[in-house]
Structure formats: C-alpha cells, structure tokens
Amino acid sequence: MSKKLFLNGADAVAEAMRQINPDVVAAYPITPTTHIVEKFSKFVADGKVKTEFVTVESEHSAMSACIGASASGGRVMTATASQGLIYMAEALFCASGFRLPIVLINGNRALSSPLSIHTDHSDSMAIRDSGFVQVYAKNAQEAYDLTIQAIRIAEHKDVRTPVMVCIEGFQNTHTLDSVVVEDDEVVKKFLGEFEPVDSLLDIDNPVTYGAAVKPDFFFEIKRQQLEGINCAYDVMKSVGEEFEKITGRDYSKVYEEYGLEDADVAIVLMSSSYSTALGVTENMRESGKKIGLLRPKLFRPFPDTEIVEKLKGLKAVAVLDRSMPQGAKYGPLCTEIVTALFNVGKRPKVYNFIHGIGSRETYPSHYDEVFEFLLSSLDEVKEDKLRFLNLNE
Amino acid sequence: MFNANLKKLSQCPTRLEAGHRLCPGCGISVIMRQIMSVTDNPLVISNATGCFEICTGAYPYTAWNVPWIHSLFGNAASVIAGVEAMHKSLEKQGKLSGDQKKTLFMAVGGDGGTYDIGLQALSGAAERGHKFVYVCFDNEGYMNTGYQRSGATPYGAFTTTSQVGEAHTGKEQFRKDLTMIMAAHNIPYVAQSSPSNHFDLMKKADKAFKADGPAFINCLSVCPTSWKTDTQTGLKITQTAVDTCFWPLYEVENGVFKITYMPKEKLPIIAWLENQGRFKHLLKPENQHIIDALQKEVDTRWQKLIKLEEATAEDDK
C-alpha cells in the first residue's frame, strides 16, 4: 500500500533512493542537498540498502566514481548542487559520452560569485549541453516520482544516457509537503533488474572505455550520442504512462499546462514557480481573462514540437527564466522557445523576464503584472528586451 | 614472498599487447609489463590522461586485452574507486562468479596526473581505503603536451615552461616528494621503484597487489624524447638516478620504512645530470651553484630517509 507522508523534497528523494536501492552511490555533501546524502547514509548504516556508499572527497571525484561504478555494470546515483555540479562538469560530459545510465539529483542553487546558497537555475543551465537528460520537478511529489522514473529513462536501451533530476534548493529541498510514497515492492517491480552492458567486470570480454578519437571518427560518435538523448523524449512519456498506471499520478506528458486551449497569452516557466503562478492564472481567468500557463518538465532533450503545438496559436508569450543570461539576448528557456517558434508561420510575440535569481521572491502580484503586460501588448507591441521581476534598483 | 624466474615471467599473460604507440625507449611500457607480470588474477585498469593512455587506446584500436577505462586527466583514482566499489557491492549481493571475485584494481598515471592534477583524487581514494594499486610512472614533466614542468620536475631542469635564459635558469623549485606524501596516508603499502632494478620493482608490485587496502608505487620512467637522452640507454640513465640517491629505492610497509637498494658507492649528482640534454645548461661553470644546491637537497632527503628507516625499524621491534 502506498502511504502519504509529510516530507521535504530532499527527504522524498532520499526515500526514492532507498527504494531504488542503487548498487553504488558516490556523493559529496553540498547545500541544499546535504540531507539527501545524510539521510541516505543513515539508510546505509541501518542496513536498509545494499548500496556501496562512496564518500568521495569532491564532486569531481563523485562523478568520476559514478563513471567507474556505472561502467562496471550496476545502478549508480549521486546528488549535488551549484558549485558541486559545476565542479563535476568535466566528468558530466564523460558520463554521457560513455552512455552511462547514472542518475543525478541536482538541488538547483545559484552560482558564486557573489556566494549564494539559494535557488536559481544557473547551475543546471550552465551545463545544459553536457549530454544529460534534464527534468525539472515542481514539488516534493514530483521530485520523488521523477527520481524513480529517471532510473527507467536512463537505463532504457534506446537511451542509455545519464539523467539529471533538478529540484529547487530550499523551495523544494527544504519545504515540507504531502508526498505519496509507493510501496517498496511496487517500486522494485516498476524498476526491474539492472541489465549490465559492456561491464568492466566482465573479465572474459574485456572492453576499452575512453580511447582517444581522431577527427575521422569523432564527429560520428558525437552525432550518434544525439540518438540516445533524443530518444529520452518518447521514453519519458512511455515510462510516465506506466508510472501513471501504478500510481494514478499523471506523467503522460513532458509538460504541464493550464488554460491554453482558449488563451490569447501565456506564461512559460519551470519548477516550483508554477504552483504560485497557477493560483494567479486561475483567479484571473475567473474574471474572464484569456490567459494560460505552460511548464516544461523536460528541458533536455527540449520538447520543441509539443511546445510549438501548445504556443503557436497564442498572441503573446512571456517566458520566465530563472538564470541570468550573461551576455545573451535571452535566458536559456526563452532562447529555446524562440528558436522552436522561429520557423512556424504564425507565431506569438515572445517576451523574456528574468525572475527568482538567488531565490528572490516572485509574488502573485508579479505574475499578475506579467499577464497585464502581455494583455496590454496585444494593443501595442512592446520593446523586445530583457525584463526583470522584483528587481530592487 | 615473490619468487619468479625469467621462464615463469615469460609465460605470464600479456595484458598490454604489442603495437602500442609509445616512443622508442619509453620507460612506461617496460614498467607496466614488469608490474602486471607478477599476477595471474584478472585486472581492471583505470588510466589517467597522458602519453600512456593516448598511445595504448587510439580508437578504433586498443593495446589492452584487459578491461580498461580512461576518462579524465585528474580522476584515475576516483574512477578505480568506483569500479572497486561496484565490485564490492556485486560481490556482497552474490552477483560475481569464479575468477571475477579475484579481480584486482589498478589505476595508472604519469606525474602530471598523479603529483599534480590528480593528487586530490588519489589522496581521497587512499584515505577511504579502497583496495587498489596506484602506479605512477614519473617521467618528471608533462610529456604528452610537449614537456612542461610538473611538481616532479627536478630543480634546474629545462622544460618548455621553465626555460633557460638571461633571467632564469630552468626550474627553480625542488621536486615534490610524492612517495613521502603517500606514506603519510598510512596506507598498507607504499614503494618507490625503478625499472632498472626490475626484480625489486616486481617484488614491490607483488606486495602492492597483495596488500590489504590501498597501495602506491612510484616508478621513475625515462622519457628519451623530453629528457633528450639516447633511446638505447634509458635504463642505465635511470640507474644513475638510483645510484646518486636522487631516486632512492625503498618501501613503506605498514609504516615501516625499508631501503631496498643501497648503492655500493653513492655517486655525485652530476652522474645523473650529465647524459641528459634537459640538464645541459647546468654543466656550464656559472651554473655550478645549481648543481651544488641540488646535491645538497638530494643528500638531505637521503639522510632523512635513512633516519626514517632506523626510526621505524625500532618501532617494528
């Protein structure tokens, strides 16, 4: 029987990790995901998991040990955030190039300098082309659910690509929420047995990982890597449908939407901000405003076809990015959306807002402000420039 | 106790095949073959980026017929830690069979990947107690990128980033003593070795593989290309490093220091410098002070080692 628990996002992830019961976890503690590692360490100490827990001396070594372990034929997980994710960046590209099904939990946190332990998406966005599948959770329940599904996506034979589950620091990792935790046996059955591919421990069939490649083959190998990550798009949906069958929670889509069917304008955003924005959207729609909301859950591979389908009929769209585009025209989410819409005949005007940097609050009034901006832009087109929400200067 | 003769050694499994692309006279393949010859157990190797990696794993070919992984420059020890952890996990779960259970784990790297960029990973893996053997083939510089200085480059040596000119005369710092750093980790086995003393090296490799925990072997490795030495006499030149006590051969077994080769006659440091192009400038009279300073440092470290042997031998009684 599933049970409803009062958990914060990090504890929900730790609970998922206990049920996944990985063969190896290699991790280095960092705020705001420290208590994932702490809680998991307790599971190890209590003998509740069979996991070999490698308490590495850095995040660079965390991902490196994950690479060694995963190439040796077993389930491997890690958790990190912010500086830790950037410190392991070199190894992330290796893990994906080796097609290793490692699952990484990232507690989204701003990057120094100046130092901030609070949330924004600048860490995971900085390595968005590392070859990891990236999914973004909106709350503790999704953090739990996506962590379990990430294992299936990463290990799927057509994907064989590492997956990063992004949950927002503090707003998800430290906020208590009501979480339905499935029965251990149900999760175990959903995941199935790990099937090793090209294991270093298969001593009768020795493999060479990481040979140096000259220009005559390198291009083809990297092109073929695209096949894996792009397959994650369909696989995420099929895994989600299967997950929905056993849990009743809807994971059939790689995005969440509200009100788009008859909307003129919409906000596109990711992660926990959706919940606040949803309340505002519901209220404003009650007063007859034709507005909607779209939240991509999957960012890599970017679900451009479905996003275009959802947005192309609108008149104006505001994309809310939660990372600072140093020197770029738009934030990374807006860049993706503008790119996806570019070749569509009839398309909405797109405006980019930066919000929530270093955990600056985005209050309901700010979403209200953005919707009013969009609606007024229908009468008079606004200047195409970067805008900032709740910036005090 | 390791006991092998040439006949037995000639029959050991060939893990590193011919056809690799190392330079003529390179010390690394000699060292690796000597080390791997002491065991029949299955081996998994993690290789740091460098000459050895690039010359033995050149896609679509491989010189390896044992499982081998290279990923980055500074993470060979962390990768093997992950491999060893997975082995441990699967063994506990009863998922390994037969010879798989006897698998040994080895990480290898040059001085760049070991003394410098990979030191943290090595230190961490040693402290955590993974059962693995780390072999550093120390050729005293970043040779794969064309000979830049490393933490292991000797005082006074020319490198492409410690050039010889009007204002500076080669590397101006003494080399890092990595073997001592690893001994300070209090791991079961640490050794300093040279392929010129091959039985000494193989005995050490045997002890390293049998150690109950992490083991570290630091091995001086001639690089004719960058040392600017004759490709035929590499091992003789290496021997002068040993006989001048610039590179003493010793081991630290469970904290007990033992000098495993005592030169019959300790040669002056010039014997190590004189046949290498990278030290050519030191032979000029105006640079005698550099040789003197190097001699002094070598003598100080040698005396310290003798004292450590005496001190820990007493502890042993």
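As the structure is a prediction and not an experimental result, all values here were calculated from the model. (Residues numbered from 1 in each chain as written. Chains lettered and ligands numbered in written order. Predicted model: local features only at pLDDT ≥ 70, side-chain atom pairs only at ≥ 80, totals over all residues. Heavy atoms only, no water.)

Caption draft 1: The overall build of chain B, seen in detail. Looking only at helices and strands, chain B has 12 helices and 8 strands in total. For 317 residues, the compact-globule formula gives about 20 Å, and the C-alpha radius of gyration of chain B, at 19 Å, lands near that figure. Dimensions along the principal axes, computed over C-alpha positions, put chain B at roughly 70 × 55 × 40 Å. Residues classed as buried in chain B amount to 60% of the 317 residues present. The contacts in chain B between residues at least 6 apart in sequence include a share of 69% that link residues at least 24 apart. Of the accessible surface of chain B, which amounts to about 13,000 Å², a share of 53% is contributed by carbon and sulfur atoms. In chain B, the 33 positive side-chain charges and the 32 negative ones have mean positions that sit 5 Å from each other. (Helix = DSSP H or I, 4+ residues; strand = E, 2+ residues; numbered from the N terminus. Rg over C-alpha atoms; globule rule 2.2 N^0.38 Å. Buried < 20%, exposed > 50% of the residue type's maximum accessible area, 1.4 Å probe, protein only. Contact = heavy atoms within 4.5 Å. Areas by Shrake-Rupley, 256 points an atom, 1.4 Å probe, with all protein chains shown as cover. Lys, Arg positive; Asp, Glu negative; His and termini not counted. Charge placed at Lys NZ, Arg CZ, Asp CG, Glu CD.)

Caption draft 2: Quick peek at the pattern of salt bridges. Residue and element names in this part refer to chain A. The tally for this structure, following the rule as stated, stands at 40 salt bridges over all chains. Of the charged contacts in the structure, one is a salt bridge between E15 and R18, with a shortest N-O distance of 2.7 Å. On the criterion of helical spacing, the pair formed by E15 and R18 is a turn pair, its members being 3 residues apart in helix α1 (residues 9-20). Like R18, E15 is buried. Residue E242 is joined to R152 by a salt bridge in which the shortest nitrogen-to-oxygen separation is 2.9 Å. (Salt bridge = Lys/Arg side-chain N within 4 Å of Asp/Glu carboxyl O.)

Caption draft 3: Expanded view of the packing of aromatic side chains. One pass over the structure, following the stated rule, counts 20 aromatic pairs over all chains. The interplanar angle of 80° and the centroid separation of 5.2 Å between the aromatic rings of A:F217 and B:Y59 together place this pair among those described as edge-to-face. In this pair, A:F217 sits in helix α9 (residues 215-247) while B:Y59 sits in the loop between α3 (51-56) and β2 (68-70), so the two residues belong to two different chains. A relative accessible area of 32% means that A:F217 is categorised as partly exposed. A network of ring pairs unites the aromatic residues B:F52, B:W64, B:W68 and B:F137 as a single cluster. Geometry around A:Y258 places A:R285 over its ring, the cationic atom sitting 5.9 Å from the centre. Geometry around A:Y274 places A:R295 over its ring, the cationic atom sitting 5.3 Å from the centre. (Phe/Tyr/Trp six-rings, centres within 6.5 Å; stacked < 30°, edge-to-face > 60°. Lys NZ or Arg CZ within 6 Å of the ring centre and 35° of its normal.)

Caption draft 4: Just the side chain of B:H20, in detail. All names here are of chain B. Among the secondary structure elements, H20 is positioned in the loop between α1 (6-10) and α2 (28-36). At 3.3 Å, the side chain of H20 forms a polar contact with the backbone nitrogen of L22. For H20, the residues in contact, after removing those within four places along its chain, are S29, R33, C55, T56 and A63. (Polar contact = N/O pair within 3.5 Å; in protein donor to acceptor, adjacent residues only side chain to side chain.)

Caption draft 5: Inspection of the packing of α1(A) against helix α7 (residues 140-155) of chain A at higher detail. Residues and elements named next belong to chain A. Running from amino to carboxyl end, α1 crosses α7 at an angle of 30°, the nearest separation of the two axes being 8 Å. In terms of orientation, α1 and α7 fall into the roughly parallel class. Helix-helix and strand crossings are classified by hand; for α1 and α7 the assignment is right-handed. Contacts from G9, A12, V13, A16, Q19 and I20 in α1 reach A140, A143, Y144, T147, I148 and I151 in α7. Of the residues that constitute the contact of α1 with α7, the class distribution is 9 nonpolar, 3 polar and no charged. (Axes fitted to C-alpha atoms, helices over the stretch in contact; angles between N-to-C directions. Parallel < 35°, antiparallel > 145°, perpendicular 65-115°, else oblique. Left-handed = near helix turned anticlockwise from the far one by under 90°. Nonpolar A, V, L, I, M, F, W, Y, C, P; charged D, E, K, R; others polar.)

Caption draft 6: How the structure looks around the interface of chain B and chain A. Tallying the contact residues gives 42 residues for chain B and 43 residues for chain A. Between chain B and chain A, roughly 3,200 Å² of surface is buried when both sides are summed, and carbon and sulfur atoms account for 64% of that area. Looking at the side of chain B facing chain A, the largest losses of area belong to B:Y59, B:L72 and B:M86, adding up to 20% of the total buried there. Summed over the shared surface of chain B and chain A, the result is 4 salt bridges. A salt bridge links A:E52 to B:K88; the nearest nitrogen and oxygen atoms lie 3.8 Å apart. On the surface where chain B and chain A come into contact, there are 16 residue pairs in polar contact (both at pLDDT 80 or more). (Buried area = accessible area lost by both parts, 1.4 Å probe.)

Caption draft 7: Geometry of the pairing of strand β12 (residues 291-296) of chain A. Residues and elements named next belong to chain A. Across the 6 residues that make up β12, a large majority, 6, are buried. Burial along β12 is two-sided: the face carrying I291, L293 and R295 and the face carrying G292, L294 and P296 are both buried. Across 4 bridges, the pairing between strand β10 (residues 255-258) and β12 is antiparallel. Of the residues in β12, the one forming a bridge with E256 is R295. Pairing geometry for strand β11 (residues 265-268) and β12, over 4 bridges, is parallel. Counterpart to I267 in the pairing with β12 is L293. The β-α-β motif built from β11, the intervening helix α10 (residues 273-286) and the parallel element β12 has right-handed crossover chirality. (Pairing = 2+ DSSP bridges. Right-handed = clockwise from strand over helix to strand, strands pointing away.)

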